Amino acid sequence: MSETILKMQGIQKYFPGVHALDDAQLEVRAGEVLALIGENGAGKSTLMKILTGIYAKDGGTVELFGESVEITSPRDAQEKGISIVHQELNLMQDLTVAENIFIGRESERGLFLDKAEQNRKTEELLKSLHLDISPKTVVRRLTVAKQQMVEIAKALSYNNTKILIMDEPSTALTESEIEDLFTFIRQLKATGVGIIYISHRMNELFQITDRITVMRDGQYVGTVQTAETNMDEIVQMMVGRVIYEEPKSQSNVPEDAPVVLEAVGLESLEVKNVSFKLKKGEILGFSGLMGAGRTETMRLICGADKRTGGKIIVNGKEVNIRTPKDAVRAGIGYLSEDRKRYGLCLGLSVADNTVLPSLDMVCSAAFVNEKKVAVEAGKYKEQLATKTPTVKTLVRSLSGGNQQKVVVSKWLMRDCDILIFDEPTKGIDVGAKSEIYKLMNKLASEGKSIIMISSEMPELLRMSDRIVVMCEGRVTGELDIAEATQEKIMTFATKREVG
C-alpha cells in the first residue's frame with residue numbers, strides 16, 4: 001500500500017440554510033488515481049474548494065504528509081503542492097497560451113519580461129503532454145478541447161505539485177484526446193503524484209482509477225477498490241437505488257407525424273448545406289465529433305449566429321430568424337452547452353432566471369408581479385425536483401445539475417414547442433441524468449419536439465428516435481434508431497463509406 005499523502009477527516013461546512021458537508025472525509029495515496037463521485041449537490045465541489053483554499057472549513061482536520069495543515073487561500077494550496085483543473089475554463093481569452101500558463105510567474109530578464117524564455121518553458125511543458133499547441137497562440141483561437149488541455153498544463157506547471165485535482169477533465173475532449181489524457185495521467189502516477197479524479201462518465205472510472213470514493217448529501221458513503229467493484233454497486237452507493245439506462249429499440253413517433261421544423265440548405269462559415277426535418281413528438285439526436293458543426297447549426301436556427309444561406313420552416317411556413325428573440329417568437333427554445341455563459345444569469349435568483357423569457361406573463365402594467373414570479377418559479381422547482389433552499393437563491397450557488405434544471409424551467413414556462421438541448425447532461429451525475437431523460441421523454445409524449453446534441457453514444461442510443469450525423473459542417477448520414485449502432489454512427493462521423 002502506497003503512502004497516504006492527504007487525509008481529510010470530519011470536514012464540516014455550513015452555508016445559510018444549508019449543511020453542505022457533514023463529517024466528510026477523503027484519503028489520497030501517492031501514485032494513485034482516486035475517483036471522487038456523487039450526485040450533483042453531494043458535496044464534491046465544496047470539499048475540493050476547502051482543499052484548495054477557496055472555502056474555509058467549519059470543522060474537521062486536513063493532514064498533508066502526516067502533518068496537520070490549514071489551507072488559507074488558493075495560492076497557499078499551490079505552495080503546499082495542491083493544484084486543480086476546474087470544470088469551467090478559467091483562461092484569459094486574449095492572452096497567449098504561455099501567458100496564461102505562467103501568469104503571475106512570468107520569466108524576467110532584468111526589468112523586462114523574457115517572453116522567449118517563457119515560450120520555451122511552455123513549449124517543453126506542452127511537448128511533455130504530447131500537445132500540438134503553439135505557446136504563442138492566443139487562447140481564444142483554440143477549440144474548447146485544447147483550452148481544457150491548456151488548463152491541465154497550467155496546473156501541472158507548478159513544479160511541486162503532489163496532489164492534482166481534475167474536475168470533469170474529459171467533458172470537452174474527443175476520444176483520442178481522452179486517451180492522450182489517460183496516457184499522461186498514468187505517466188504522472190509513476191512519479192508519485194496523487195490524483196483526485198472527478199467525473200460523471202462512469203466508464204472512465206474503470207479505465208483510469210485505482211479507488212473510488214462516493215459522497216451523498218454532503219456525507220461520506222464509502223471507498224472501494226475499482227478492480228473489486230462494478231457499475232451497479234457504484235450507482236447504488238451514489239443514489240441509493242439502481243438506475244438502468246437501456247437503449248431505445250424503436251422510434252415512438254408515428255410515420256405520419258407532422259413536420260414541425262425543417263432546415264433547408266443552411267449555410268454559414270462553419271455550416272455547409274445542412275438540411276433535416278423534425279417531427280412532432282420526436283427526439284432527434286445529432287451526433288458527430290468535435291468541430292462537426294452541430295452546435296453551429298443550432299445557433300443558426302436560434303438566430304445566435306449569422307446565416308448566409310438556406311431556409312427555416314416552422315409548421316409549414318418559412319420564418320425569418322435573425323435573432324434569438326425571433327426564434328423564441330417562433331416557439332424555439334435553446335438550451336446551450338455552456339449553460340453558465342449563455343443559459344443563465346448567475347447573479348440572479350432561480351425565480352428571476354426562470355421567468356426571464358416570459359416577463360410578459362408576470363407583469364402587471366409596467367411592473368413585475370413578484371408574487372406571481374415566485375409562484376411560477378416554485379411550480380417548476382417542484383416539477384423538476386430542483387434542489388435549492390428557495391426560489392430566491394442565487395443560481396450561481398446551485399450544483400451543475402440543478403443549474404441545468406433551471407435552464408429547462410425557463411423554456412418550459414415559455415411553453416416552446418421546439419426545444420434544442422445541446423449536451424443536456426454535460427457535467428451531470430447519473431441520478432440527475434435519469435431525471436433529465438424522464439423529463440425529455442415526458443415532453444415528447446406531450447407533443448413537444450426535441451433536438452438533442454450529444455457526444456455520448458449511449459445517451460444518443462437511449463433517447464433518440466432518429467439520429468443525424470455530421471462531419472466537417474455537413475450532414476453525412478441519418479439513422480432510424482432501430483438500425484443505429486455505435487459503429488454506424490462513427491462511420492458517418494468520420495465520413496467513411498458504410499460497408
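Relevant structure appears above.
About the criteria used
Residues numbered from 1 in each chain as written. Predicted model: local features only at pLDDT ≥ 70, side-chain atom pairs only at ≥ 80, totals over all residues. Heavy atoms only, no water. Phe/Tyr/Trp six-rings, centres within 6.5 Å; stacked < 30°, edge-to-face > 60°. Helix = DSSP H or I, 4+ residues; strand = E, 2+ residues; numbered from the N terminus. Buried < 20%, exposed > 50% of the residue type's maximum accessible area, 1.4 Å probe, protein only. Lys NZ or Arg CZ within 6 Å of the ring centre and 35° of its normal. Pairing = 2+ DSSP bridges. Core = buried A, V, L, I, M, F, W, Y, C linked by side-chain atoms within 4.5 Å. Contact = heavy atoms within 4.5 Å. 1 Å grid on protein atoms, 1.4 Å probe; cavity = no way out; pocket = protein on both sides within 12 Å on 5 of 7 lines; lining within 4 Å. Points joined across faces, edges and corners; volume = space filled by probe spheres on them. Nonpolar A, V, L, I, M, F, W, Y, C, P; charged D, E, K, R; others polar. Salt bridge = Lys/Arg side-chain N within 4 Å of Asp/Glu carboxyl O. Axes fitted to C-alpha atoms, helices over the stretch in contact; angles between N-to-C directions.

**Describing the packing of aromatic side chains**
- Using the criterion set out here, one finds three aromatic pairs in the structure.
- Ring centres of F182 and Y197 lie 6.4 Å apart, and the angle between their planes is 65°; this geometry places the pair in the edge-to-face category. In this pair, F182 is assigned in helix α6 (residues 175-189) and Y197 in strand β10 (residues 194-198), connecting sequence segments 15 residues apart.
- Looking at F182, the relative accessible area reads 0%, which means it is buried.
- Exposure remark for Y197: the relative accessible area of 0% places this residue in the buried category.
- The positively charged end of K121 is found above the aromatic ring belonging to F102, 4.9 Å away from the centroid.

**Re the pairing of strand β22 (residues 449-453)**
- Here β22 lies mainly inside the structure; five of its five residues are buried.
- Burial of the side chains of β22 extends over both faces: S449, I451 and I453 are buried on one face and I450 and M452 on the other.
- Two strands pair when backbone bridges link them, and strand β15 (residues 283-287) and β22 are joined in this way by four bridges, in the parallel orientation. For L284, the partnering residue across the bridge sits in β22 and is I451.
- Where strand β21 (residues 418-422) lies against β22, five bridges are found, and the strand directions are parallel. When the sheet's bridge partners are listed, L419 is paired in β22 with I450.

**Quick notes on the nonpolar core**
- Counting residues in each nonpolar core, the largest one holds 45 residues, and the members touching the most others are L164, I185 and Y197.
- When residues of this core are assigned to their parent elements, the largest contribution, seven residues, is made by helix α5 (residues 144-156).
- Leaving out residues up to four positions away in the same chain, L164 has contacts with S83, V85, A155, L156, L188, V193, G194, I195 and I196.
- A351, Y380, M413 and A493 belong to the second largest nonpolar core, which has 43 residues in total.

**What about the layout of surface pockets?**
- Space inside the second largest pocket adds up to approximately 1300 Å³.
- If you go around the second largest pocket, you meet 44 residues; those closest to its centre are S45, T46, S397, L398 and S399.
- Broken down by element, the residue count for the lining of the second largest pocket peaks at five residues, all from helix α1 (residues 44-51).
- Taken together, the residues of the lining of the second largest pocket break down into 13 nonpolar, 20 polar and 11 charged.

**Quick notes on the pattern of salt bridges**
- On inspection of all chains with the given rule, the structure shows 23 salt bridges.
- R140 is paired through a salt bridge with D94; the nearest N and O atoms lie 2.9 Å apart. In this pair, R140 sits in the loop between α4 (115-128) and α5 while D94 sits in the loop between β6 (82-85) and α3 (97-101), placing the two residues 46 residues apart along the sequence.
- Within the structure, one salt-bridge network assembled from shared partners comprises E117, R120 and E124.

**Side note on the sheet that holds β10**
- With mixed pairing, the six strands of this open sheet are ordered in space as β6-β9-β10-β3-β11-β12. The sheet terminates laterally at β6 and β12 (219-225), the two strands that pair on one side only. The average angle at which neighbouring strand axes cross in this sheet is 20°, direction not considered.
- Relative to β10, strand β9 (residues 163-167) is paired through five bridges, and the arrangement is parallel. The residue bridging D167 from the neighbouring strand is I198, located in β10.
- Helix-sheet contacts for α1 involve β3 (33-37), β6, β9, β10 and β11 (211-216), and the interaxial angle to β10 is about 150°.
- On top of the sheet, α5 reaches β6 and β9; it is set at about 175° to β6, its chief contact.

**Regarding the environment of K317**
- Along the chain, K317 turns up in strand β17 (residues 317-318).
- On the accessibility criterion, K317 (63% relative accessible area) is exposed.
- In this structure, the C-alpha to C-alpha distance between K317 and V264, residues 53 residues apart in sequence, is 12 Å.

Taken by themselves, the reported measurements are silent on function.
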